[in-house]
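Here is what each chain is made of, one letter per residue.
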Amino acid sequence: MALLPILHYPDPRLHTIAKPVERVDEKIRQLVADMAETMYDAPGIGLAATQVNVHLQVIVIDLSDDRDQLQVFINPQITWASVEKKNWQEGCLSVPDFFDEVERPAEVKVKALDIDGQEFEIKADGLLAVCIQHEMDHLKGKVFVEYLSSLKRMRISSKLKKKARLAL
């Protein structure tokens, strides 16, 4: 396993639309293992392949306190979303140290492939529903800050650019 570098907003590569995984093979399983290690190290609760500059439809999520319940979603598709919406405070490993409220459907049904290439479907609510939608946005080239006002986006972008310059 290896730690992968996480892209930070406003890196334009975060806007790349991910391609479907054609076959779940050892290469994809290694990507999942590396993504999980990267997510746990960050630390975070979700990571999309786009965030590590791999533009394939792969997501890892682990909401457990013990970080021992990794969920893998390959080629995820939302097949149903509730009419009811809910606001959640969101953060992102690609937008470190910034959090803001985003309105999303309260519940979703998602169809995907697991680590063995087997299709499954789950109904998710609460934090899992939010996390799945957030990570799926990454696969579509969208970062959560794009739900915010343009003024907030500009402030976040300039602060992260300044932070990156200071780190050099």
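Trainee: I'd love a proper account of the pattern of salt bridges, names of residues and values included.
Mentor: Inspection of every chain in the model, using the stated rule, returns eight salt bridges. Put simply, R29 and E26 hold a salt bridge, and the shortest N to O gap is 3.5 Å. You can see R29 and its partner E26 sitting in helix α1 (residues 26-41), three residues apart, about one turn around the helix. Given a relative accessible area of 54%, E26 falls into the exposed group.

Trainee: If you had to explain the side chain of D11 to someone new, which residues and values would you point to?
Mentor: Mapped onto the elements of the fold, D11 is located in the segment before α1. Residue D11 is classed as buried on the basis of its relative accessible area, which comes to 14%. A polar atom in the side chain of D11 sits 2.6 Å from the side chain of R13.

Trainee: Quick one: what's the story with the side chain of Q133, residue by residue and with numbers?
Mentor: With respect to the helices and strands, the residue Q133 is situated in helix α2 (residues 126-139). Here Q133 falls in the buried class, since its relative accessible area comes to 6%. At a separation of 3.1 Å, a polar atom in the side chain of Q133 contacts the main-chain carbonyl oxygen of P105. In contact with Q133, other than residues within four places in its own chain, are I78, R104, P105 and V108.

Trainee: For the sheet that holds strand β2 (residues 58-61), give the residues involved together with the corresponding values.
Mentor: Spatial ordering of the open sheet is given by β1-β2-β3-β6-β7, a layout of five strands whose pairing is antiparallel. Two strands bound the open sheet, and with one partner strand each, they are β1 (46-48) and β7 (119-125). The sheet shows a mean angle of 40 degrees between the axes of neighbouring strands, taken without regard to direction. Taken together, the five bridges between strand β3 (residues 71-81) and strand β6 (residues 107-113) define a ladder with antiparallel strand orientation. Bridged to A81 within β6 is V108. The strands touched by α1 within the sheet are β1, β2 and β3, with β2 carrying the most contacts at an inclination of about 40 degrees.

Trainee: Talk me through the layout of surface pockets; I want residue IDs and the actual numbers.
Mentor: Put simply, the largest pocket is a space of about 350 Å³. Every residue lining the largest pocket is counted, 22 residues in all, and those nearest its centre are I45, E90, G91, C92 and L93. At the level of secondary structure, the elements contributing two or more residues to the lining of the largest pocket comprise β4 (85-92), β5 (95-105) and α2.

Trainee: Explain the nonpolar core to me, and be specific about the residues and the numbers.
Mentor: Residues M35, L47, V58, V60 and I74 are the most contacted members of the largest nonpolar core, which totals 16 residues. Looking at which element gives the most residues to this core, the answer is α1, with five residues. Other than its neighbours up to four places away in sequence, V60 contacts V32, M35, A36, M39, I45, G46, L47, L70, Q71 and V72. Membership of the second largest hydrophobic core comes to 15 residues, among which are I59, V108, A129 and I132.

Conventions and cut-offs
- Residues numbered from 1 in each chain as written.
- Predicted model: local features only at pLDDT ≥ 70, side-chain atom pairs only at ≥ 80, totals over all residues.
- Heavy atoms only, no water.
- Salt bridge = Lys/Arg side-chain N within 4 Å of Asp/Glu carboxyl O.
- Helix = DSSP H or I, 4+ residues; strand = E, 2+ residues; numbered from the N terminus.
- Buried < 20%, exposed > 50% of the residue type's maximum accessible area, 1.4 Å probe, protein only.
- Polar contact = N/O pair within 3.5 Å; in protein donor to acceptor, adjacent residues only side chain to side chain.
- Contact = heavy atoms within 4.5 Å.
- Pairing = 2+ DSSP bridges.
- Axes fitted to C-alpha atoms, helices over the stretch in contact; angles between N-to-C directions.
- 1 Å grid on protein atoms, 1.4 Å probe; cavity = no way out; pocket = protein on both sides within 12 Å on 5 of 7 lines; lining within 4 Å.
- Points joined across faces, edges and corners; volume = space filled by probe spheres on them.
- Core = buried A, V, L, I, M, F, W, Y, C linked by side-chain atoms within 4.5 Å.

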